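Okay, here's what each chain looks like letter by letter:
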Amino acid sequence: MNIRLLAKRNIQGNAQRYLAYFFSIVLSVSIFFIYASFIFHPDVVHADIPGGKLISRGLIAAEIVIIIFSVFFIAYSNAAFIQPRKKEFGLLTLLGMSKSQLRKLIYLEQTMVSLISILIGVGLGFLFSKLFLMAISWLLAVEQPISFVFVPEAFIYTIVGFILLFQLLSLFSLFHIGNAEVVDLLKDKQKPKKTPFVSKWLVALSAVCLSISYYFACTLSLNNSYIRVLPIVFFVLIGTYFLFSQSIVALCSRLYRKKKSLYGGTNLITQTNLIFNIKDYSRLFFLTSIITAVILTAAGTLFMFSADLKKQGMDNIPQAIGWIENDASIYSVIEPSAVENTLKEDGFKILYEVNMTGVPITHMLPHMRTGEPNEIRSLLISESDYNNAAALRKIEPAKLSGKEALYIFPYGGLDYQFVHKGEQKELHFGNGTIQVTMVGQRNQSIVAPIKAATTLMVVDDQLYHEITADVPLKEMARVRGYEVKDWEESMETSSEIEQMSNNHNQLQTRAPIYQEMKQGSILILFIGLFVSLLFFIVQGSMMYLRVFTNLEDKKIQIHALHRLGLTKKEIRQILSAEIRILFFAPFLVGVIHAIVAYVALSNLLGSNLFAYSAMVIATYFLFQLLYYQVTKKMYERAVINSIK
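Residues numbered from 1 in each chain as written. Predicted model: local features only at pLDDT ≥ 70, side-chain atom pairs only at ≥ 80, totals over all residues. Heavy atoms only, no water.

The next thing to look at is the overall build of the chain. If you tally the helices and strands in the chain, you get 21 helices and nine strands. The burial tally for the chain puts 50% of its 644 residues in the buried class. Sequence-distant contacts, at least 24 apart, represent 82% of the contacts inside the chain between residues at least 6 apart. Here the chain has roughly 31800 Å² of accessible surface; of this, 62% comes from carbon and sulfur atoms. (Helix = DSSP H or I, 4+ residues; strand = E, 2+ residues; numbered from the N terminus. Buried < 20%, exposed > 50% of the residue type's maximum accessible area, 1.4 Å probe, protein only. Contact = heavy atoms within 4.5 Å. Areas by Shrake-Rupley, 256 points an atom, 1.4 Å probe, with all protein chains shown as cover.)

Bringing a nonpolar patch on the surface into the picture now. On the surface, a cluster of nonpolar side chains totalling about 660 Å² of accessible area is made up of Ile116, Ile120, Leu124, Leu127, Phe128, Leu131 and Met134. With respect to the helices, strands and loops of the structure, Leu124 is situated in helix α6 (residues 99–140). (Patch = residues over 30% accessible without salt bridge, like charges linked within 9 Å, V, L, I, M, F, W, Y side chains within 5 Å. Salt bridge = Lys/Arg side-chain N within 4 Å of Asp/Glu carboxyl O.)

Attention now goes to the side chain of Thr493. Summarising the element assignment, Thr493 is placed in helix α17 (residues 491–500). Residue classification places Thr493 among the buried residues on the basis of a relative accessible area of 4%. Residues contacting Thr493, with those up to four places away along its chain left out, are Thr342, Leu343, Asp346 and Phe348.

Below, the discussion takes up the packing of helix α19 (residues 551–563) against helix α21 (residues 610–640). At a minimum axis separation of 9 Å, α19 and α21 run at an interaxial angle of 55 degrees. By the angle between their axes, α19 is oblique relative to α21. Judged by the sense of rotation from one axis to the other, the crossing of α19 with α21 is right-handed. Here Leu551, Lys554, Lys555 and Ile558 of α19 come into contact with α21, specifically with Tyr635, Ala638 and Val639. In terms of residue class, the contact of α19 with α21 is made up of five nonpolar, no polar and two charged. (Axes fitted to C-alpha atoms, helices over the stretch in contact; angles between N-to-C directions. Parallel < 35°, antiparallel > 145°, perpendicular 65-115°, else oblique. Left-handed = near helix turned anticlockwise from the far one by under 90°. Nonpolar A, V, L, I, M, F, W, Y, C, P; charged D, E, K, R; others polar.)

Once that is clear, we can look at a negative patch on the surface. On the surface, a cluster of negative charge is made up of Glu345, Asp346, Glu492 and Glu496. Following the sequence through the fold, Glu492 ends up in helix α17. When its relative accessible area of 71% is taken as the criterion, Glu492 is described as exposed. (Lys, Arg positive; Asp, Glu negative; His and termini not counted. Charge placed at Lys NZ, Arg CZ, Asp CG, Glu CD.)

Look at α17 against helix α18 (residues 510–549): their axes get within 8 Å of each other, and the N-to-C directions meet at 125 degrees. Taken together, the axes of α17 and α18 are oblique relative to one another. Seen from above, α17 lies across α18 with left-handed handedness. In this structure, α17 uses Met491, Ser494 and Glu498 to contact α18, whose residues at the interface are Ala511, Pro512 and Gln515. Each residue belonging to the contact of α17 with α18 can be placed in one class, and the counts come to three nonpolar, two polar and one charged.

What follows deals with the nonpolar core. Residues Tyr21, Tyr35, Leu296, Phe548 and Tyr635 are the most contacted members of the largest nonpolar core, which totals 95 residues. Broken down by element, the residue count for this core peaks at 16 residues, all from helix α20 (residues 568–605). Residue contacts for Tyr635: discarding those within four places in its chain leaves Val547, Phe548, Leu551, Lys554, Leu575 and Ile579. With 24 residues, the next largest nonpolar core counts Ile381, Ala453, Leu456 and Ala477 among its residues. (Core = buried A, V, L, I, M, F, W, Y, C linked by side-chain atoms within 4.5 Å.)

Okay, helix α13 (residues 309–316) next. For α13, the complete set of buried residues consists of Leu309, Gln312 and Gly313. Down the axis of α13, the buried side of the element spans an arc of 100 degrees, and every buried residue falls inside it. (Arc of directions from axis to C-beta.)

Along helix α14 (residues 336–345), the residues classified as buried are Pro336, Val339, Thr342 and Leu343. An end-on view of α14 places all buried positions within 135 degrees of arc, on one side of the element. When the buried face of α14 is taken as reference, the exposed residues oriented beyond 90 degrees from it are Lys344 and Glu345. Turning to α14, the residues buried within the fold contact β1 (321–325), β2 (350–366), β8 (477–484) and α17.

The final tally for this structure, using the stated rule, is three salt bridges. The shortest N-O distance in the salt bridge between Lys425 and Glu423 comes to 3.4 Å. For Lys425, a relative accessible area of 6% gives the class buried. Its relative accessible area of 25% is what places Glu423 among the partly exposed residues. When the shortest N-O distance is used, the salt bridge between Glu483 and Arg510 registers 3.0 Å. With Glu483 in strand β8 and Arg510 in helix α18, this pair connects stretches of sequence that are 27 residues apart. An identical accessibility class is assigned to Glu483 and Arg510; each is buried.

Have a look at this one:
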């Protein structure tokens, strides 16, 4: 028997414990390799693929996330593997193994597992990279599919990178076990567990931090998001950590004092095990709840944004074809008849058209960040023109009288109030000036937000006619727009109309912008789902490791309970309850965090995303339930089969 053979047999003996860890590492290496194969693909490097550089940057960001996540996961797993084997290491030391030999044994075990997982991961990545390239080719709609080639850089970066990562983390784990004394190793599991200490102040801190983060998230908007994101993350992390290390302990202690429910069925054993293990569980609960929140928030955000993309396109770009003429007396950008004929020739039905004139004006508005007065250009239009266009878009009409005015800002996601009700404002047009009383502001668009028509100022019809009575038509601007049925399919028609126009900067077509955003969002969703899948597998693996690290201790406890008279059915109930808490307590907290994030996202997008969020959470729950059932069956079999 030598150390190398001993390391090999230890791996074989702990195969069940290593299974989830091994699978997670293989998946991490495979995804990293597939992404690297695309990043260093000759077609991407030489910019032969449209949009390839953009995707490459996204994949590089994903690679960094995978590496960072792998560092934490491997470090956690190494600690989880070593902790329950301290008695084994103490016996080996007692039998004559030196500290250097013990370090060598642990190092060989971890190196063998890492090398096997890296090689298998790279092999699977190489096999599936062809499918990945085919999927990317389809999503990018390239004429020639991206060729499958051997990419040496992908092999080098993946293999060398992960080997260095494993070696570095292995050295850190060796430092802890190598300095421990024999007595400490042998008696590590015999140390009695104390009742966890609960601080009322820390429980209150947890509640305060989570309340602050939830309030900030639920009142998030585009204009304050850049200063709130980091505080939200900070307070969520602090609040969640003390929620599990203090608040949950306090709740368990309160339940423990309720003797009526404590002595019912197997509750005494389940609750006793929970309260004395909660300190060990708290860090795992914290990590897995945060991972769950990250997965649900990231996957949900990507899915919701992709699913809500059509509505966003229609909200931000009011008509499928829209343009502005600086001189209302002529058509210098494009002739309406040319647009109409092109749409009809290509088989597109015009649902409605917009044709309104307005006077370019200037007025003062506060800057969004500094609040300093800033001169802004807007288009002054009449109340009737606004209401006619608003009716076509099913928007509430304006009701104005006298010298009242309504300010129209085209971006619904931005809730910044540039004007306030009752505010007096001077409007400058040509050589004239008029003072109006603002009735408020609406953040919605009714015509293409281009140039002078980006923002609108609506006034009463009578006042509008008084202002424009002496303004010649050539000094006014004209806004035209056509809404088209099945506009999503009008890519070629839109491109044809753009080529016919004399000024592209004053013409806006919805289909090309929508298709570009759709393609980009699908690619991001495609990449994000791979990373989310990895996060989910790793999170499940952490819980799997936690269950199986104390397998031997659990076998001893269950064997003793069985001798005292507990049936196998009752033992299954105990095991199921413990694993259920382990899997679904952090899941519940993670879901609550994600729901708050969805509320913030709904506010940012100005949409009700409840249905989308429910679908994401339900899908994740089904995967979590499946993982739970598999782990429970394996754990019950391992424990109950040991009962003689």
